[in-house]
Amino acid sequence: MTVNSACIIVEEGAATPFAWVALVLIGLPFAGWCQRFLRCLLFARQRAAKALGAKVISLRMVERNKNVSPAEVALYHLVRSMAERAGLRAAPMVGVVPSDDINAFAIGRRGSYLIAVNVGTVNRLSVDELAAVLGHEVGHVAHGDSFVKTLALAVQDSIATFLISPLAFAHSLLRASPALLLLLSAGLLYGIWQGQRDLAIACAVALFLPQLAWIVLLACRALIAQLDRWREFHADAAGAALTSPHSMAAALAKIADDGSGKRIVTNPLHSPALAGFGIKDTILFAGLAGKLFATHPPVQDRVDALISGRFL
């Protein structure tokens, strides 16, 4: 419709009302969606580092020994060693997150990726356990998991901005205004009763489209979470292959005992965007929501999978 509208404007030399309305309502939001999508996808590493509050360490900083401590240099070399063993040729960007809980993150694609590590991970794990955690995150990059998650995050962010946000506003407006809800319901019933199809359709769209948007978004979150849980087993296997199953299992045991950095969320749509990029669940859901929207399987299941060698 947007292309045809633009053609109408060009061919006729004058802007018809229909063409301008189509261009404004469809063309401009679509252009904005594309711009936001590309920005989220191409600058995922930088956006993630900023969101985590991480100090970014690049290969150039390490080679010049500029603004880096010996511990940070050692961490960078360990990450790069794991990456090379996993077959990643591109030099990593390493982020140091000022947090005491045990966690690590992988964002990006094989040619451009960020491995972010919490300070607590470095301080509270042994060298072998830290190497296993880094191998886990590098495995996400090597298997393409982090790119798929980055792509899904970019799509979700752009759709939420240009589609879900207006529908969410309409949803909140309906909840806050019983009179408007009653008026639309009455219009729907009146349209059906009197055979006024256009009125009935308009009222039905206004009533049910915002609700349908929430259901679709929740279903997408549940499907992505299911994929995340499945890929965690393979990333654990990668960490074990790059180090040893014992080191990976020991690291997971310490992660299970670490209760810091977690918080309870009642609405899955309000969970932080980077929650699924870490090595552990930082968001807790109650009841059925925990099974549907948890981004990581239970740690004991992951340890059992390592011991059985199911994914090795």
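For the structure itself, consult the block above.
Residues numbered from 1 in each chain as written. Predicted model: local features only at pLDDT ≥ 70, side-chain atom pairs only at ≥ 80, totals over all residues. Heavy atoms only, no water.

Colleague: I tried to follow the overall build of the chain on my own but got confused; where do I start?
Modeller: Across its full length, the chain carries 13 helices and six strands. The buried share of the chain, reckoned over its 312 residues, is 43%. Nonlocal contacts in the chain, meaning residues at least 24 apart in sequence, comprise 61% of its contacts between residues at least 6 apart. (Helix = DSSP H or I, 4+ residues; strand = E, 2+ residues; numbered from the N terminus. Buried < 20%, exposed > 50% of the residue type's maximum accessible area, 1.4 Å probe, protein only. Contact = heavy atoms within 4.5 Å.)

Colleague: I would appreciate a short explanation of the nonpolar core in the present structure.
Modeller: Nonpolar side chains tend to gather and get buried jointly when the protein is soluble and globular. Ile57, Leu75, Leu88, Ile115, Leu134 and Met248 are the most contacted members of the largest nonpolar core, which has 37 residues in total. Broken down by secondary-structure element, the contributors of at least two residues to this core are helix H5 (70–85), strand E2 (93–97), strand E3 (104–109), strand E4 (112–118), helix H7 (127–143), helix H10 (197–242), helix H11 (245–257) and helix H13 (299–308). The leading source of residues in this core is H7, at eight residues. In contact with isoleucine 115, not counting residues within four places along its chain, are Val79, Met93, Val94, Gly95, Phe105, Ala106, Leu134, Glu137, Val138 and Val141. (Core = buried A, V, L, I, M, F, W, Y, C linked by side-chain atoms within 4.5 Å.)

Colleague: Honestly, H13 in this entry has me stumped. Any pointers?
Modeller: For the α-helix, the turn length of 3.6 residues means that residues three or four positions removed from each other point alike. Within H13, burial applies to Arg302, Val303, Ala305 and Leu306. End-on, the buried residues of H13 take up no more than an arc of 160°, which puts them together on one face. Opposite the buried face of H13, at more than 90 degrees from it, the exposed residues are Ile307 and Ser308. Summarising the contacts, the buried residues of H13 are in contact with H7, H10 and H11. (Arc of directions from axis to C-beta.)

Colleague: Can you help me understand the side chain of histidine 140 in this one?
Modeller: Residue placement: histidine 140 occurs in helix H7. Residue classification places histidine 140 among the buried positions, given a relative accessible area of 2%.

Colleague: Would you take a moment to explain the sheet that holds E3 for this structure?
Modeller: Consider a sheet: its strands pair through backbone hydrogen bonds, and that pairing is either parallel or antiparallel. Sheet architecture is open: four strands sit in the order E1-E2-E4-E3, paired in mixed fashion. Of all strands in the sheet, those bounded by a partner on one side alone are strand E1 (55–57) and E3. Between one strand and the next, the sheet's axes are offset by a mean angle of 20°, whatever the strand orientation. As defined by bridge partners, E1 adjoins E2 across three bridges and the pair is classed as antiparallel. Across the sheet, lysine 55 pairs through a bridge with valine 96, a residue of E2. (Pairing = 2+ DSSP bridges. Axes fitted to C-alpha atoms, helices over the stretch in contact; angles between N-to-C directions.)

Colleague: Before we go on, may I ask you to explain the packing of aromatic side chains in this structure?
Modeller: The relation between two aromatic rings is expressed through the spacing of the ring centres and the mutual angle of the planes. Under the definition given, this model contains two aromatic pairs. Aromatic pair tryptophan 230 and phenylalanine 311: ring centres 5.4 Å apart, planes at 80°, arrangement edge-to-face. Taken together, the residues tryptophan 230 in helix H10 and phenylalanine 311 in the segment after H13 connect sequence positions 81 residues apart. On the basis of relative accessibility, which here comes to 43%, the residue tryptophan 230 falls in the partly exposed class. Judged by centre distance (5.1 Å) and plane angle (10°), the ring pair of phenylalanine 233 and phenylalanine 311 falls under stacked. With a gap of 78 residues between them, phenylalanine 233 in helix H10 and phenylalanine 311 in the segment after H13 connect regions that are remote in the sequence. When sorted by exposure, phenylalanine 233 lands in the same class as phenylalanine 311, which is buried. The ring of phenylalanine 277 has lysine 149 lying over it, and the distance from NZ or CZ to the ring centre is 6.0 Å. For the cation-ring pair, arginine 310 lies above phenylalanine 233, with the distance from its terminal atom to the ring centre recorded as 5.7 Å. (Phe/Tyr/Trp six-rings, centres within 6.5 Å; stacked < 30°, edge-to-face > 60°. Lys NZ or Arg CZ within 6 Å of the ring centre and 35° of its normal.)

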